[in-house]
Amino acid sequence: MIPLCIPEIRGNEWKYVKDCIDTSWVSSVGSYVDLFEEKFAEYVNGQKAVVTMNGTAALQLALVTLGIGEEDEVIVPSMTFISPINTIKYVGATPVFCDCCRDTFVMDAEKIEELITPKTKVIMPVHIYGHPVDMDKVMEIAAKYNLYVIEDATESLGSTYKGRMTGTIGHIGAYSFNGNKLITTGAGGMLVTNDLELGNRAKYLSNQTKTILDNKGCYHEEMGYNFRMPNLLAAFGVAQLENIVEYIKAKRKNAAYYNELLKDIKGITLSGEREWAENCYWLYSILVEDDYRLSRDELMAKLEEEGIQTRPFFMAVHEMPPYKECKHGNMSVTKELCSRGINLPSSVSLTKEQIETVCNVIKKYSK
Ligand SMILES: Cc1ncc(COP(=O)(O)O)c(C=O)c1O
């Protein structure tokens, strides 16, 4: 079987985790927690990183840190994993859904402005499958209307926009280390910001707003959250981060080979890479057009018969029960992408032969 995307564990993971066990520093205080935050901030070139128990928590923490709550609206794409949208609801705010671009699959920055109302407080671009959103346009709109930008960079760790790491361009960025992500800690996340004040506040909120008094008592000035990551997982993360450059290189090489083999197949559209983007290709993706011999779902079934695991694009969240009453713009591109897109096998360890096997099946059923 060729899996969709499996973790790559080839470095010091065991050594560092064993160190935690040997020294009993297994919980949420420990040197690997600090080291993971430091090294991560250094890697993405952000001022401050705050580790969390997952990417969803990092997004919620971002919203809480910025004081977003009831009556506020957050502009977000609909074609995404549901996490960012749920976090908007967790804090009592309301998502407003934006359409996406047909070539890069991400939120269409040109369609944001028409969704802004006096209640809008945040734009939340999601760099789906790895390609960056047009962040200059997002930041320009945010400045014009005095809005915050929270980047959901959970799928785009290592992707750059005009040379800058995704997740560090808006006011706050969030990353995930779920098992299928570029680097993993089993479960985990990170909040990053270039605003030290916001970063320190996020850290404080993530640790139950705990202040230790002179007599060692715990004092809490306001309500906080337990979003902390244990040292054990941070140790795993430090080891993963040591190999991230190699992982991205492998993903980009695999994507280039897919592009080469698929570029002339009638009815298959490849994902574009805008001139200002460097995509980490977290999940390599294609669109199945009307002039392909099979429908998207039929092609996925054929690939499955050959032992190739794929996934359809995310379904539109604005059509799902918890969110179907929310406002949205014209969602015609979203609708199309959701019915045409497929994520192909994208593990770091994917071999040339495996890519050829996948592409041969796609070629076999073309007209
Ligand atoms: C776009 C997006 N946002 C947020 C998340 C949430 O991350 P986590 O699963 O670590 O909570 C994920 C993935 O899992 C995701 O794909």
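All values derive from a computational prediction rather than experimental measurement. (Residues numbered from 1 in each chain as written. Predicted model: local features only at pLDDT ≥ 70, side-chain atom pairs only at ≥ 80, totals over all residues. Heavy atoms only, no water.)

K.L.:
Any details on the pattern of salt bridges? Residues and values, ideally.
P.N.:
Here the structure, examined in full by the defined rule, presents 22 salt bridges. Here Lys18 makes a salt bridge to Asp22, at a shortest N to O gap of 2.8 Å. Placement of the pair is Lys18 and Asp22 together in helix H1 (residues 13-23), with a separation of four residues, close to one helical turn. The partner of Asp99 in a salt bridge is Lys111, and the shortest N-O contact between them spans 2.9 Å. Of the two residues, Asp99 is situated in the loop between strand E3 (94-98) and strand E4 (120-123) and Lys111 in the loop between E3 and E4; the sequence distance between them amounts to twelve residues. Judged by relative accessible area, which is 1%, Asp99 ranks as buried. According to the relative accessible area criterion, Lys111 is partly exposed, its value standing at 22%. Three or more residues joined by partner-sharing salt bridges are found here, namely Arg102, Glu289, Asp290, Glu336 and Arg340. (Salt bridge = Lys/Arg side-chain N within 4 Å of Asp/Glu carboxyl O. Helix = DSSP H or I, 4+ residues; strand = E, 2+ residues; numbered from the N terminus. Buried < 20%, exposed > 50% of the residue type's maximum accessible area, 1.4 Å probe, protein only.)

K.L.:
Please provide a residue-by-residue account of empty space enclosed by the protein, values included.
P.N.:
All chains considered together, the criterion is met by four cavities of 30 Å³ or more. By volume, the largest cavity amounts to about 60 Å³. If you go around the largest cavity, the residues you meet are Thr104, Phe105, Ile128, Tyr129, His131, Ser271, Asn279, Tyr281, Leu283, Tyr284 and Ser285. Per-class residue counts for the lining of the largest cavity are six nonpolar, five polar and no charged. Residues from two domains meet in the lining of the largest cavity; each of domain 1 (13-244) and domain 2 (245-364) gives at least three. Here the second largest cavity is characterised by a volume of approximately 40 Å³. Taken together, Lys251, Asn254, Ala255, Tyr281, Tyr284, Pro345, Ser346 and Leu350 make up the lining of the second largest cavity. A class-by-class count of the residues in the lining of the second largest cavity yields five nonpolar, two polar and one charged. (1 Å grid on protein atoms, 1.4 Å probe; cavity = no way out; pocket = protein on both sides within 12 Å on 5 of 7 lines; lining within 4 Å. Points joined across faces, edges and corners; volume = space filled by probe spheres on them. Nonpolar A, V, L, I, M, F, W, Y, C, P; charged D, E, K, R; others polar. Domains from an automatic or database assignment.)

K.L.:
Can you tell me about the environment of His220, naming the residues and giving the values?
P.N.:
Mapped onto the fold, His220 is located in strand E11 (residues 218-220). Residue classification places His220 among the partly exposed positions, given a relative accessible area of 38%. Other than its neighbours up to four places away in sequence, His220 contacts Gln208, Thr209 and Lys210. Only 2.6 Å separates the side chain of His220 from the backbone oxygen of Gln208, close enough to count as a polar contact. (Contact = heavy atoms within 4.5 Å. Polar contact = N/O pair within 3.5 Å; in protein donor to acceptor, adjacent residues only side chain to side chain.)

K.L.:
How would you summarise the domain arrangement of the protein if you had to cite specific residues and measurements?
P.N.:
Here the domain parsing of the protein yields domain 1 (13-244) and domain 2 (245-364). Taken residue by residue, the interface counts 48 residues in domain 1 and 43 residues in domain 2. With both chains or domains summed, domain 1 and domain 2 bury close to 3900 Å², and 60% of this area falls on carbon and sulfur atoms. Per-residue buried area on domain 1 facing domain 2 is highest for Phe97, Arg102 and Tyr129; these three make up 21% of the total on that side. Our count for the domain 1 to domain 2 interface comes out at four salt bridges. In this structure, Lys327 and Glu73 form a salt bridge, with 2.9 Å as the shortest nitrogen-oxygen distance. Here domain 1 is connected to domain 2 by 26 residue pairs in polar contact (both at pLDDT 80 or more). Of all the secondary-structure elements, those providing two or more residues to the side of domain 1 that touches domain 2 are helix H4 (83-90), E3 and strand E6 (160-161). Top element by residues in the side of domain 1 that touches domain 2 is E3. It accounts for five residues. Across the side of domain 1 that touches domain 2, the residue classes break down as 22 nonpolar, 15 polar and eleven charged. (Buried area = accessible area lost by both parts, 1.4 Å probe.)

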